[in-house]
Amino acid sequence: MADNPDIAFSDFTAMEKLQVIALTARMAKRGAGGDGVDISDLQRKVERIERQAAARRKR
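So, how was this worked out
- Residues numbered from 1 in each chain as written.
- Predicted model: local features only at pLDDT ≥ 70, side-chain atom pairs only at ≥ 80, totals over all residues.
- Heavy atoms only, no water.
- Salt bridge = Lys/Arg side-chain N within 4 Å of Asp/Glu carboxyl O.
- Helix = DSSP H or I, 4+ residues; strand = E, 2+ residues; numbered from the N terminus.
- Buried < 20%, exposed > 50% of the residue type's maximum accessible area, 1.4 Å probe, protein only.
- Expected span 1.5 Å × (residues − 1).
- Arc of directions from axis to C-beta.
- Contact = heavy atoms within 4.5 Å.
- Phe/Tyr/Trp six-rings, centres within 6.5 Å; stacked < 30°, edge-to-face > 60°.
- Axes fitted to C-alpha atoms, helices over the stretch in contact; angles between N-to-C directions.
- Parallel < 35°, antiparallel > 145°, perpendicular 65-115°, else oblique.
- Left-handed = near helix turned anticlockwise from the far one by under 90°.
- Patch = residues over 30% accessible without salt bridge, like charges linked within 9 Å, V, L, I, M, F, W, Y side chains within 5 Å.
- Areas by Shrake-Rupley, 256 points an atom, 1.4 Å probe, with all protein chains shown as cover.
- Lys, Arg positive; Asp, Glu negative; His and termini not counted.
- Charge placed at Lys NZ, Arg CZ, Asp CG, Glu CD.

Per an unreviewed UniProt entry, the chain goes by the name DUF6257 family protein and belongs to Streptomyces heilongjiangensis.

Shown next as structure tokens:
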């Protein structure tokens, strides 16, 4: 959402909102482990959800 200004949190379904919140919490938990921890896999999952919501909004 930070990278895509065309999409708002209200564009997500309830399930997508829960998934984004859970993934963000997991990123924060991993980030607490230090700077060397890789969170790119979780970021890709969030980006995929954002793309789905953006595509649905365009229809």
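Chemist: Can you walk me through the pattern of salt bridges in this structure?
Modeler: In a structure, side chains of opposite charge can pair up when their charged atoms sit close to one another. The tally for this structure, following the rule as stated, stands at three salt bridges. Residues D11 and R57 are paired through a salt bridge, measuring 3.6 Å at the closest nitrogen-oxygen approach. One end of the pair, D11, is in the segment before α1 (14-31); the other, R57, is in helix α2 (residues 40-58), with 46 residues separating them in the sequence. Classification of R57 as partly exposed rests on a relative accessible area of 49%.

Chemist: What's the story with α1 in this structure? I'm lost.
Modeler: Quick reminder: α-helices carry 3.6 residues per turn. Residues three or four places apart thus point the same way. Compared with the 26 Å implied by 1.5 Å per residue over 18 residues, the 26 Å span of α1 between its first and last C-alpha is a close match. Regarding α1, the residues found buried are E16, V20, L23 and M27. Projection of α1 onto a plane perpendicular to its axis shows the buried side chains occupying an angular sector of 70 degrees, all on one side. Across α1 from its buried face, at more than 90 degrees, point the exposed residues A14, M15, L18, I21, A28 and K29. Along its buried surface, α1 packs onto α2.

Chemist: How do you make sense of the packing of aromatic side chains when you look at a structure like this?
Modeler: One pair of aromatic rings is described through two measures. These are the centre distance and the angle between the planes. Inspection of the entire model under this criterion finds one aromatic pair. Seen from their ring centres, F9 and F12 are 5.8 Å apart, and the 55 degrees between their planes marks the pair as tilted.

Chemist: What exactly am I supposed to notice about the packing of α1 against α2 here?
Modeler: When two helices pack together, their arrangement is given by the angle between the helix axes and the distance between those axes. Running from N to C, α1 and α2 point in directions that differ by 160 degrees, and their axes come no closer than 9 Å. By the angle class used here, α1 and α2 are roughly antiparallel. Considering the relative orientation of α1 and α2, their crossing is left-handed. On the side of α1, the interface is formed by E16, Q19, V20, L23, R26, M27 and R30, while α2 contributes D41, L42, Q43, K45, V46, I49, Q52, A53 and R56.

Chemist: Looking at this structure, I do not really get a positive patch on the surface. What am I missing?
Modeler: A cluster of basic residues, R26, K45, R48 and R51, forms a positive patch at the surface. For K45, the position within the fold is in helix α2. Look at K45 and you get partly exposed, because its relative accessible area is 36%.

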